[in-house]
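Single-letter residue listing:
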Amino acid sequence: ALAKELEVDRVSLVLATDYRGILERLERGDADCAWLGTLQYAQARVRGLPLVPLVCPVRGAGKWYSGMIICRKDSPIKKLEDLKGRSFAFVDPDSASGYLFPKLILQSKGIRVPEDLKTQIPDLTDFVGNHSNVVLNVLLRRFDAGAVYSGAIEQTLPGDSSRGREIRILARTEPIVGEPLVVRADMPEAERRRVSRAFRSLDAARLFLQEDIRRFARVSDRDYQYVRDLVARSSPRGE
């Protein structure tokens, strides 16, 4: 589909094992563009990598989302400070809404992660793999609280609003822009416009049905300032 939109013979899809591998390919010039997570883009920019974001996916809730800290409604936890000494489920270390942002929110309330939490293995953060697992673990009382993105409850419990009402939202992040498709800064401006236009012309609703992606929309580096500021405050080099 991209080759057709770009009017070229072939577009090669290059897979990396993780985000670090993607960034290494961009740095070496082995890839012209890449689809990064929001957190990974912010980390790369804080490290000084010359990348330019072009577009991001637009899902049912738009191109913005937020992170949430949740617990059961019948839990004695009423405010963030009550989470000290409680068990807490995160998504994975690379998740912005499922780890970085809630971690910073907890730290702002004087709760160190993982030292001040009740963890399955002492001083090791509890990761459960994805947002739906966090929701279910909280509902089933396996964890006292957890971190998810703003649409996770509805995605996990489609058509079951009664179960969703068993969950209390303790806190939300500021709005976060979705994961950007980026190119190297040395790509000529005319080529950047072609790539951006190609993604915005894709029939994304058909191609990305399982990801609920409706289309792609333009973004710029300043859209990710909030995330970069959080990354910079958490680590001087964004690591």
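Criteria and thresholds
Residues numbered from 1 in each chain as written. Predicted model: local features only at pLDDT ≥ 70, side-chain atom pairs only at ≥ 80, totals over all residues. Heavy atoms only, no water. Phe/Tyr/Trp six-rings, centres within 6.5 Å; stacked < 30°, edge-to-face > 60°. Helix = DSSP H or I, 4+ residues; strand = E, 2+ residues; numbered from the N terminus. Buried < 20%, exposed > 50% of the residue type's maximum accessible area, 1.4 Å probe, protein only. Core = buried A, V, L, I, M, F, W, Y, C linked by side-chain atoms within 4.5 Å. Pairing = 2+ DSSP bridges. Axes fitted to C-alpha atoms, helices over the stretch in contact; angles between N-to-C directions. Contact = heavy atoms within 4.5 Å. Bend = angle between axes of the 7 residues up to and from the residue. Polar contact = N/O pair within 3.5 Å; in protein donor to acceptor, adjacent residues only side chain to side chain. Lys, Arg positive; Asp, Glu negative; His and termini not counted. Salt bridge = Lys/Arg side-chain N within 4 Å of Asp/Glu carboxyl O.

Chemist: Would you take a moment to explain the packing of aromatic side chains for this structure?
Modeler: Aromatic rings considered in pairs are described by the distance between their centres and by the relative angle of their planes. The tally for this structure, following the rule as stated, stands at eight aromatic pairs. Where Y41 meets Y224, the ring centres are 5.2 Å apart and the plane angle is 65°; that geometry is what we call edge-to-face. Linking Y41 in helix α3 (residues 38-46) with Y224 in the loop between β10 (215-218) and α10 (225-234), this pair joins segments that are 183 residues apart in sequence. In this structure Y41 comes out as buried when scored by relative accessible area, which is 0%.

Chemist: Hey, could you run me through the nonpolar core in this one?
Modeler: Among soluble globular proteins, nonpolar side chains are generally buried collectively. Counting 17 residues, the largest nonpolar core has I69, L80, L83, F88, F90, L106 and L170 as the members making the most contacts within it. Listing elements by their share of this core, those giving two or more residues are β4 (67-72), α4 (96-108), β6 (145-149) and β7 (167-172). Ranked by residues supplied to this core, first place goes to α4 with three residues.

Chemist: Before we go on, may I ask you to explain the sheet that holds strand β1 (residues 33-35) in this structure?
Modeler: Strand pairing in a sheet relies on backbone hydrogen bonds. The paired strands run either parallel or antiparallel. Strand order across the open sheet formed by four strands is β1-β9-β2-β10, with antiparallel pairing between neighbours. Edge positions in the sheet fall to β1 and β10, since each of these pairs with one other strand and no more. Between one strand axis and the next, the sheet turns through 30° on average, direction left out of account. As judged from the three bridges shared by β1 and strand β9 (residues 181-184), these two strands associate in the antiparallel manner. Across the sheet, the residue bridging to C33 is V183, located in β9. With respect to the sheet, helix α2 (residues 19-28) is in contact with β1, β2 (51-58) and β9, its orientation differing from that of β1 by roughly 165°. Contacting β2, β9 and β10, helix α8 (residues 189-201) runs over the sheet at an angle of about 10° to β2.

Chemist: Would you take a moment to explain unusual backbone geometry for this structure?
Modeler: With glycine set apart, most residues show a phi of negative sign, and most peptide bonds adopt trans. Omega for the peptide link from V113 to P114 comes to 10°, which places this bond in the cis form. Looking at the element boundaries, P114 is found in the loop between α4 and α5 (131-139). Not every positive phi belongs to a glycine, and E7 is a case in point at roughly 60°. Tracing the backbone shows E7 in the loop between α1 (2-6) and α2. With relative accessibility at 72%, the residue E7 sits in the exposed group. Even without a glycine there, the phi angle at D123 is positive, about 65°. Along the chain, the position of D123 falls in the loop between α4 and α5.

Chemist: Looking at this structure, how should I read the sheet that holds β4?
Modeler: The strand order across the open sheet built from four strands is β5-β6-β4-β7, with neighbouring strands paired in mixed fashion. In the strand order of this sheet, the two ends are held by β5 (88-89) and β7, each with one partner. Of the strand pairs in this sheet, β4 and β7 are connected by five bridges, and their pairing is antiparallel. If you follow R72 over to β7, its bridge partner there is I167. Packing against the sheet, α4 makes contact with β4, β5, β6 and β7, and its axis sits at approximately 125° to β6.

Chemist: Is there a simple way to explain α4 in this structure?
Modeler: One turn of the α-helix equals 3.6 residues, which is why residues spaced by three or four share an orientation. Of all the bends found along α4, the most pronounced is centred on P102 and spans about 25°. Looking only at α4, the buried set comprises A96, S97, G98, Y99, L100, F101, P102, L104, I105 and L106. Put simply, S95 is the residue that caps the front of α4, since its side-chain oxygen is 2.8 Å from the backbone nitrogen of G98. One or two steps after α4, the chain reaches G110, where phi turns positive at roughly 80°.

Chemist: Explain the side chain of D126 to me, please; I cannot follow it from the model alone.
Modeler: Looking at the secondary structure, you find D126 in the loop between α4 and α5. We note that D126 is buried and unpaired, the nearest opposite charge coming from K118 at a distance of 9.5 Å. The residues touching D126, leaving out its near neighbours within four places in the chain, are F88, A89, F90, K118, T119, Q120 and F143.

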